Amino acid sequence: MGVVIAGKNYETFAEKYASLLGYELVDIQTKIFPDGEYYVRIKKPESISGNKVVIINTMYPRQNDSLLETLMLIDAARRSGAKDIVVIIPYLAYARQDKVFLEGEPVTASIVVKIIRTIGANALVVVDIHSVKTLEDFNGKTLNILVSDKLVEKALSILNDPIVIAPDKGALHRARYAAERHGLEYDYLIKKRDRITGEISMMPKELRIDGRDIVIIDDIISTGGTIANATRILRSHGARKIVVAATHGLFIGNAFEKIRSAGVEKIYVANTLGITHKEPLIETVDVSEKVVTEMRNNNII
Ligand code: R5P
């Protein structure tokens, strides 16, 4: 027997997860104290004792609040006698600060996974984390679920034998994962310097893309700069139709405009965030079934 508890950012998908898992959904009570501090309580603590507890919450928007709420829920579940606590965070905040880029910086991604573990989580499940290495710091059972195959599956309905392109080498594993599952070619963009002029240009490492349809794959769209830039480069190399498959679509500021004006025809994102975008360019793909299936296949539940 298991129960699901959802944080505020992800309550829209709580019932779906509970039904996919076959677990009971237990509500929480929340309030803000007059001084601004947050309060949370599991409404039926008696249903927790001796049971497996799946806590699901996502960390965008309101990253800090959501992180604290998740920790509070883990602590409450542990104190209520949970046998085993699995935490699902479809979007892990601070994942891009995964190393010290400049001396004096913290590795925030590491802090986030370490505190989740310390407070009492036995397992941590994330969707397409920026760098899978971060999960090593959890020091327990973890699962990173790639969903680029699901996004590309949707994209295939409007494309003709596309090439899957990663905007940089770091995203190549996402492109490979989706491409291999759909029998497509894949590549990534590299920077090249002209030895005579010193000018830097970007181009696909191996493949010719003129006249070809393209799916650009990435983990996060934040300001849209990376995707807009990659799209322009691919257009300048003669690409035909360009669509984007990005797991976490934050779309900060004028990201839509940037991406649209660069020439992207459609953007597929996963339902990993606590917001949905009312923008015709975007299609949100529900990946909850894949998350639960992968959790089963990896003996997390
Ligand atoms: C970078 O390493 C990430 O994988 C994304 O490409 C990046 O975070 C996207 O950010 P933006 O949309 O602001 O270019």
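Predicted, not measured: the structure shown is a model, and the values here were computed from it.

Student: Can you explain the sheet that holds strand β2 (residues 24–25)? Please cite residues and give values.
Tutor: In space, the six strands of this open sheet follow the order β2-β1-β5-β6-β7-β8, with parallel pairing throughout. Whereas interior strands pair on both sides, the edge strands pair on one side only; in this sheet they are β2 and β8 (141–145). Note: strand β1 (residues 2–6) against β2, two bridges, orientation parallel. Each residue of the ladder has a partner; that of V4, found in β2, is L25. Here helix α1 (residues 14–21) sits on the sheet and contacts β1, β2, β5 (52–56) and β6 (84–89); the angle it forms with β1, its principal contact strand, is near 165 degrees. Each of β6, β7 (123–127) and β8 touches helix α8 (residues 288–297); the most contacted strand, β8, lies at about 140 degrees to it.

Student: So, the packing of aromatic side chains: which residues are in play, and what are the values?
Tutor: A complete count under the given rule lists five aromatic pairs for this structure. Consider the rings of Y10 and F13, whose centres lie 4.8 Å apart with planes at 40 degrees: the pair is tilted. Here Y10 falls in the buried class, since its relative accessible area comes to 1%. For F13, a relative accessible area of 17% puts it in the buried group. Each ring, one from F33 and one from Y39, has its centre 5.8 Å from the other, and the planes form 85 degrees; the classification is edge-to-face. Grouped by ring-pair contacts, the aromatic residues Y10, F13 and Y17 constitute a single cluster. The ring of Y39 is capped by K31, whose NZ or CZ atom sits 4.8 Å from the centre of that ring. Here the basic side chain of R181 rests over the ring of Y177, its NZ or CZ set 3.7 Å away from the ring centre.

Student: With reference to specific residues and values, describe unusual backbone geometry.
Tutor: Residue P61 is reached from Y60 by a cis peptide bond, and omega for that bond is 0 degrees. Inspection of the secondary structure assignment puts P61 in the loop between β5 and α2 (63–79). In this structure, F251 takes a positive phi of about 50 degrees despite not being glycine. Structurally, F251 is set in the loop between β13 (242–249) and α7 (255–262). The backbone of N299 shows a phi angle near 55 degrees, a positive value even though the residue is not glycine. A relative accessible area of 60% places N299 in the exposed class.

Basis of the calculations
- Residues numbered from 1 in each chain as written.
- Predicted model: local features only at pLDDT ≥ 70, side-chain atom pairs only at ≥ 80, totals over all residues.
- Heavy atoms only, no water.
- Pairing = 2+ DSSP bridges.
- Helix = DSSP H or I, 4+ residues; strand = E, 2+ residues; numbered from the N terminus.
- Contact = heavy atoms within 4.5 Å.
- Axes fitted to C-alpha atoms, helices over the stretch in contact; angles between N-to-C directions.
- Phe/Tyr/Trp six-rings, centres within 6.5 Å; stacked < 30°, edge-to-face > 60°.
- Buried < 20%, exposed > 50% of the residue type's maximum accessible area, 1.4 Å probe, protein only.
- Lys NZ or Arg CZ within 6 Å of the ring centre and 35° of its normal.

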